Amino acid sequence: MNIPVTMAEHPPLEASVINEVPFLPHLVNGDTGQQVILVQVNAGETFTIRTEDGHIQCIPGPAHVPMMSPNGSMPPIYVPPGYVSQVIEENGIRRVVVLPHSAEFHPSNHPNVHTPPSHVPQYVHHHPALMPHPPVYAPLTGAGDIPPQFIPQHGPSHVFADQESCSSHGWSNFNHRDERTVKAHERLQKRLKDRQTGGPKDSPPSSPRKNHSTLSSNVQNGYGKGQTISGVTEITAEPVKAKSGKPTNSSSVNAENEDLDLESKSLQDLLSSINKPVVSEIKGKSVVLSWTPPSCADGNVNQFQVGCTYEVTMSSTGTNGKFKVVYNGEETTVTISELRPATDYHVRISAVCNSVKGSASEPTSFTSAITEPDWPAPPKLINRTKNSLTLQWKAPNDGGSKISNYLLEWDEGKHNFFKECYLGYQKQCKLTKLSPSVGYMFRLAAKNDIGLSDFSEPMRYYTAGSVPATPASPRLVEAGATWISLEWSKPNGVLDDEFITYVLEMEDESSGYGFKVKYNGDEFACTLKNLRRSTSYNYRVFACNSEGKSNPSDVVKYNTHPEEPGPPSKPSVKGKIHAHSFKVIWDPPKDDGGSEITKYVLEISGLNAAENAGALEAYPGTLENEWDTKYSGTSREHVCDQLNPGTRYRLRVYCVSIGGQSQASEILTVQSAAIPPGPCRPLQRSGKSRAKEVSLRWVPPDINGGSTVTEYTVEIGELGSHDQRSVYRGAELECTVGGLLPGKMYSFWVKAANKVGYGPYSERTDISTVAAPPDQCSIPIAACKTASCVHVNWECPPCNGSEITEFRLEFGGVEGCMEIIYCGPAQSYEVKALKPATAYYCRVQAVNAAGSGHYSDTAICMTPASVPAAVNVLQVINPNQLEIIPPSASTCLAIQWEEPCCHGSEITGYNIEYGDKQIVAVTTTTNAIVEDLQPDTTYRIRVQAINGIGMGPFSHSIKAKTKPLPPDPPRLECTVFSHQSLKLKWGEGINKALTTASTQYILQMEDKFGRFISVYSGPCHTYKVQRLNEFSFYNFKIQAKNDAGEGPFSKIYTFRTIRCPPPQLKAPKVQILEEHTCEIIWETLPPMKGDIIVYTLQLITGRDTEQVYKGPMTSFCLANVQTSCEYKFRVCAGRQYQDAIGIQELYGPYSPIVSFSSHKHESTSISSETTVALTKIPKETLSDEHFAALILVAFAGLSILFAFIIQYFVIK
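1. Notes on the overall build of the protein chain
- Counting its secondary structure elements, the protein chain contains four helices and 77 strands.
- With 1212 residues in all, the protein chain has 41% of them scored as buried.
- Counting contacts in the protein chain only where the partners sit at least 6 residues apart, residues at least 24 apart contribute 67% of the total.
- Of the roughly 67000 Å² of accessible surface on the protein chain, a fraction of 51% belongs to carbon and sulfur atoms.

2. Structural notes on the sheet that holds strand S11 (residues 287-290)
- The three strands lie next to each other as S10-S11-S14, forming an open sheet whose pairing is antiparallel. On the outer flanks of this sheet lie strand S10 (278-280) and strand S14 (333-336), each paired with one strand and no other. Averaged over all neighbouring strand pairs, the angle between strand axes comes to 25°, with direction disregarded.
- Relative to S14, S11 runs antiparallel, the two being bridged by four bridges. Counterpart to Ser290 in the pairing with S14 is Thr333.

3. What about the side chain of Ser1050?
- Among the structural elements, Ser1050 can be located in the loop between strand S68 (1045-1049) and strand S69 (1053-1056).
- Other than its neighbours up to four places away in sequence, Ser1050 contacts Pro969, Pro970, Lys1037 and Ile1038.

4. Remarks on the environment of Pro825
- Within the element layout of this structure, Pro825 appears in the loop between strand S51 (819-824) and strand S52 (828-831).
- Along the chain, Pro825 and Ala846 lie 21 residues apart, while their C-alpha atoms are 9.2 Å from each other.
- Setting aside its immediate chain neighbours within four residues, Pro825 contacts Thr805, Glu806 and Phe807.

5. Examining unusual backbone geometry
- Positive phi outside glycine occurs at Ser355, with the angle close to 65°.
- For Ser355, the position within the fold is in the loop between strand S15 (344-353) and strand S16 (356-357).
- Positive phi is not limited to glycine here, since Asn1120 has a value of about 60°.
- Assignment of secondary structure puts Asn1120 in the loop between strand S74 (1115-1118) and strand S75 (1125-1138).
- Under the relative-accessibility criterion, Asn1120 is labelled exposed at 69%.

6. Quick look at the pattern of salt bridges
- Across all of its chains, the model carries 30 salt bridges by this definition.
- With a shortest N-O distance of 3.2 Å, Arg808 and Glu806 are connected by a salt bridge.
- Owing to a relative accessible area of 22%, Glu806 belongs among the partly exposed residues under this scheme.
- The salt bridge partner of Arg1135 is Asp1091, with a shortest N-O separation of 2.6 Å. Here Asp1091 lies in the loop between strand S71 (1077-1081) and strand S72 (1092-1101) and Arg1135 lies in strand S75, a separation of 44 residues in the sequence. Both residues of the pair, Arg1135 and Asp1091, belong to the buried class.

7. Let's talk about the confidence of the model for the protein chain
- On average, residues of the protein chain carry a pLDDT of 77, and 75% of them reach 70 or more.
- Counted against residues more than four places away or in other chains, residues 102-178, with its pLDDT under 50, gives 179 contacts.
- For the stretch residues 199-250, pLDDT sits under 50, and the model shows 123 contacts to residues farther than four places along the chain or on other chains.

8. Side note on the sheet that holds strand S62 (residues 972-977)
- An order of S62-S63-S66 is seen for the three strands of this open sheet, with the pairing classed as antiparallel. If you trace the sheet from one side to the other, it starts and ends with S62 and strand S66 (1022-1025), each paired once. Pairwise comparison of adjacent strand axes, ignoring direction, gives a mean angle of 30° for this sheet.
- Judged from the four bridges that link them, strand S63 (residues 982-986) and S66 form a sheet pairing that is antiparallel. Bridging from a neighbouring strand, Leu982 pairs with Val1025 of S66.

9. Section: the pairing of strand S76 (residues 1143-1147)
- In this sheet, S76 lies alongside S75 in antiparallel orientation, the contact comprising five bridges. Bridge pairing in S76 links Gly1134 to Tyr1147.
- The loop that links S75 with its antiparallel partner S76 comprises four residues; one of these, Gly1142, has a positive phi angle of about 155°.

10. Some remarks on the packing of aromatic side chains
- If you walk through the whole model with that rule in mind, you get 31 aromatic pairs.
- Plain terms: the ring middles of Tyr914 and Tyr939 are 6.5 Å apart, the flat faces sit at 70° to each other, and that makes the pair edge-to-face. Of this pair, Tyr914 sits in strand S57 (residues 907-914) while Tyr939 is found in strand S60 (residues 938-947), placing the two residues 25 residues apart along the sequence. Here the two residues Tyr914 and Tyr939 agree in accessibility, since each one is buried.
- A connected cluster of aromatic rings, assembled from ring pairs, spans Trp410, Tyr440, Phe442 and Tyr461.
- In this structure, Arg652 is placed above the aromatic ring of Trp627, and the distance from its NZ or CZ to the ring centre is 4.1 Å.

11. Some remarks on the side chain of Glu409
- Here Glu409 lies in strand S20 (residues 405-410).
- For Glu409, the side chain forms a polar contact with the side chain of Arg443, separated by 2.9 Å.
- In contact with Glu409, not counting residues within four places along its chain, are Phe418, Lys419, Glu420, Cys421, Met441, Phe442, Arg443 and Phe455.

12. What about the pairing of S57?
- With seven of its eight residues buried, S57 lies for the most part within the structure.
- With seven bridges joining them, S57 and S60 adopt antiparallel strand pairing. In the strand pairing of S60, Tyr910 is matched with Ala945.
- Counted along the chain from S57 to the antiparallel partner strand S58 (residues 918-922), the turn is three residues long, and its residue Gly915 has a positive phi close to 60°.

What counts and what doesn't
- Residues numbered from 1 in each chain as written.
- Predicted model: local features only at pLDDT ≥ 70, side-chain atom pairs only at ≥ 80, totals over all residues.
- Heavy atoms only, no water.
- Helix = DSSP H or I, 4+ residues; strand = E, 2+ residues; numbered from the N terminus.
- Buried < 20%, exposed > 50% of the residue type's maximum accessible area, 1.4 Å probe, protein only.
- Contact = heavy atoms within 4.5 Å.
- Areas by Shrake-Rupley, 256 points an atom, 1.4 Å probe, with all protein chains shown as cover.
- Pairing = 2+ DSSP bridges.
- Axes fitted to C-alpha atoms, helices over the stretch in contact; angles between N-to-C directions.
- Salt bridge = Lys/Arg side-chain N within 4 Å of Asp/Glu carboxyl O.
- pLDDT = per-residue confidence, 0-100.
- Phe/Tyr/Trp six-rings, centres within 6.5 Å; stacked < 30°, edge-to-face > 60°.
- Lys NZ or Arg CZ within 6 Å of the ring centre and 35° of its normal.
- Polar contact = N/O pair within 3.5 Å; in protein donor to acceptor, adjacent residues only side chain to side chain.

Written out as C-alpha cells, the structure is:
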C-alpha cells in the first residue's frame, strides 16, 4: 500500500505545540495488524519526532523515516496553523494531502476531514502531526503565494484519524501519461547532472546532514530485527507547485508520484552495482578499505562522487553472520580500527544517494595479523605469610599467538627499580624469604612469539606481620577552654615503611558512657574540640596495622582550662570624699568562668584636662587614659589614698581567675575635694641688678590645692630684723622692688592664694644690691724653671666694695691670640708642657661679684732649648718601597717614621730598639731595614731621636712579624692509573680549594723535548693528568709556595700508564647453516700497537655460562643445535702482549647478549632465506672525524638557512 503525502507550495509554519510531540514506537514485529509507514522527507525539509527519553529529534531531508502503526490504521497528521489535510483513496492507494487555505479548497465544505469516523480506531499515541519543518532557504512567492508573515496564526491544530471513508472531495482522477518510463529515466539523469553542476538556480540547497534508511526487512529505522513486515506505507512530504488561479487535480499528483517511484528504482539499481571493497595494509588491529563509486550504464563514475555516501558493514562470524556498521561517510578509502588479531573478517559496502540506498556488495574476506599479547591485568594476591607472598594472574588476549612466558617483576621492597623475579608459563608465583610487614611492588607482562606486551599497572602487596606493640600514653601539647591538643609517638619495633594507624579514645567520667573513639588515622597528633570548660577527661591510644589492633596505652587524665570570668559590677563610692582619699566598693561578676576568683584589680586614671585645667598645672604627672593599679587582692573594697586634691579620677575594676583576666567594669568618675595652694618656690633675681632696685620673679606653687591660683603677695625685710612689709600684690609672676640701698642685703618672701585662701610663705630669699668691679691688675712676672715650664705670679688689686672671687690668666705663643689657662683665687700659676726655645705671652684679670676688671699689660718670656720630641708616626712598610731591597723577607723588617720636633737643636741621629733591648743607631734618614731577625717571629719596635742636647724619649711601640720560610715540596704519589690518565696526590690535605692565604702548589711535567712545563697551579692536593699515551713513562716534579715565597722543587717522580683494553664489540650475528648447525659471526678489531687480538665466545644457558671458543677467528660454527630451544651468545675481544713474566692477555667488556630460538623446518615457504632474525642489523659506524665533519656540515646548512630566512622575511 502506497500512501504519498502531498504538501502545497507554501512552506508550513512550525507549530507552537511541537514540544508536546510524543515518541512514535519503532518496534516492528510479525503481527498482521501492524503496519510500517515510510515517511519520505525531501531535501530542505525537516521531520520532527519525540524520542523515548523525551527529547525532540529533528530529521532533515532527504531521508526515509520508517514508523510503525500497531493497529494498521493511518497515523494522524498534525498540520500547522493555516494548513489543512485531506485523505484521498484512489485505485487502492491512500494519499494524505496537506494544503494551505485557498479559494479553491475550503475545509469547511468537508467536515469529515476534521472529524474522524466513529468506526476508525484512534492511533496508539496521542501526538502532534509528523510535521515537516520549513526548508532552510527562503520560499519563493508567486502570484498565488501567501508570504509567511501574512499567514494567519491559529490555535493548536486538530488530531486526525484514518480517513478511509472520505471521498476525493472534487479531485479529478490522475492523468496517466504515455512514455512514462522514458521520462523518468531522463529526469533521473538530469538530477544527477544538477548535483554535479550545483543544481538549478531555483532549487533549494541540499542539507549538510544525511540520514538514510533502507526498504529491506532487516533494518527499520535503526531498530530492525530482520522480521517480516505485514505492510509498508510510504508517506511522501514534497511541496507541489500549483499555478496561480488553477486548482491542482489529483490525476497530475498521482502521475508525478509514479514518476518519482520509477526514478528511485532506477537509482537503486545503479547504486547496487558497486563493486566489493579492496583490502590493504592488514595489521593486527586495523585494516585499510578502499572502493570505487558505482558507475552508470555509460561508464560515468564522476556523477556519483558528489552527494553519495557509503555504508561499510563488517562481520566476524562468517558471511551468514551478523554484519555491523563500521563506517558511514563520503570517503572511498577508510581505515577500520579496533579489530581482534588473527581473526577472519567479512566486509561489504552499500551506496546511498539522494535518500536511496542500493544493495550491499559481495563480501570481501581477510584475516587480521598476529600481534603481541594485550596489556595484562595486575597480579592478585591469593595468600601471604610473614615471609612469603603468593600471586596469581589471568591470561590476557594472546594476539593470535600462544603466550609462551609471563614476566613478573618486583622492586624487592626498596621502592626503586623493577627486577625480574619470575619468568615462565605458569599463572601464579610464590615468593619466599621475604621480610615481615614490608610492602613489595609487582608488575606483569606476557610474551608470545611476536614480542613482549606492555607491563600491567604496578600493585603493592604487604607481607604479614604482628600486631603493633602497646604505644606510649598520649601527651598533652596544649589545652584551651573547649579544646585540647594531644600527641603520641610510634610504638617500639615498628618498621619505617610499615603503615600504622592510631585510634584515640576519650572518656568523660561524668557521662558514664565509657571510652569513645575521637580520632582514627595515621597522624601523630589530634585536636579535640567542643569540650566542656574546666573538665577532666581520660585518654588512651591504640596502634593498628593490617594484622589487628594493639593493647591500649596507659590511661592519662588531662583537664580543659576554665574560661575568663565576666566583668565585675561598676564600682561605687562609700562614705565622704576627702581631699586625699575616698573609699570604693564593687560586686563580684555574674559569671566566674568555671573557676574561683583569685583577685580583684582596681585601676585609677588621672584627671580630665579640659575640666581640671588648674589641677593639671598643679599635678602635671597625672594624665588621662593612663591607668595605674591602685589595688590588687581578694577584697571587694579599697580606700584610695595619696590622691591630689580637686582632681577628677576615673576608676575601673577587673577580676582574675585560673581561666584568665576578665574585661574591665564600667568606669566610675570621682573628683576629690580642693585645699589652699602649697608654698611657692624661693624668689629669683630677674634681669640685671642695679644699685637701688632689684627685679624679682617666681613660679606657681607645685600644688595648687585643686583650684587655680588667682593672686600672689611679695613681702620684704631687712637682714636681722623681724619686720616685714608687702611690696607687691597681684596675679603676675614678676615684679621690681625699688628704693633700696646699694651694696646692702635684703630678704624676700612670696605666697599664693586660690578660691579657698592663701597658702604658706615660700622660703626666704636674700638678695644684695650691686657693687663695683675691681681695678686693673699690675703686669705679671714670668720666670722659666725648665725648658717646658714657666712660673707666673701677680699682685691683688683693690676690690671696690666686693671681695675678689677669682683671677683669670691668659697665656699663649702669639700676642693677641692668648687663651685662659687658669681661673681661681690663687695669685700664682705654673704653666707646663711648653715647647723649648719658644717665646710666650701672658696677662691677668681680677673678678668680683660686681663684674670683671680690666686686663693687665702683657708680659713676655723665652723657654730654653731641649732634647728632641718623641717620634709620633712609626709604621712597617713593604721592602719594595725602599731603594735597597732586603735579602729575605723572613729575616728582615722595613720600618719608616716621621721626623719629630728638634726643640731648638738639630737632630743628629736615631736609635732603633727591638727584641730584648737591642739598639741599632742610624743616621738622620727616616727609614731603616732591621736585619738578622728570626723567621715567623713577632718583634716590638720603637725609635728615639738624638740632637746636640741629648736623646729624646722613645716613641710608642709597634708590633711587626717576619714572614715564615718558604715551604718544602710535598711527596708526590700516583693513586689511580689508567691507559690515558694519571691521578696524582700530594700532601695530607683534602681535595678542595682553600683560602688565598694558604699554600699553593705548582705541578710540572716533562715534555718530549725534556722541558718541564706547568700542568697545574692551585691549592688542591690532587690532580688528574689526562690525554696521555698508553703504557708510557712520564716524569713529574712539584713545588710549594706561600706568602713567604716559592719553595724548592721536589725530586723527579716517574709514573707509567697502563695498557688500553680492547673496546666493546657489537652484538654478534647468528645464522643457521644446517638443521643442527649455526654460525656466529662478530666484527673484527685491528691489532693494537702490534699486539694480537683474540676473541672469546660464551654460550649462556639459563644461569650457566660456557666458553665455546677462544682464538683470533671472527666466526664460529656451533654443532648439535637442538630445535625449539633458546640460545644466548656474547663475545669479547682480548689483547695479547709480552712482558717480563710472559704472554699476558687483557680483555675488554663483553658485547650485548644476542639470543635466537631454533624451530623445526616447515614445508610451507615463508621466505626465501633461512636466516633467523636476532638483533638489529649492525650499521656501518662513523669514525670520530667523519661524525665531526657531519655535524659541521649540518651546522653550516642551518646557518645558511637562518640567514636566508632573516634576510627574506625580516629585513625585506
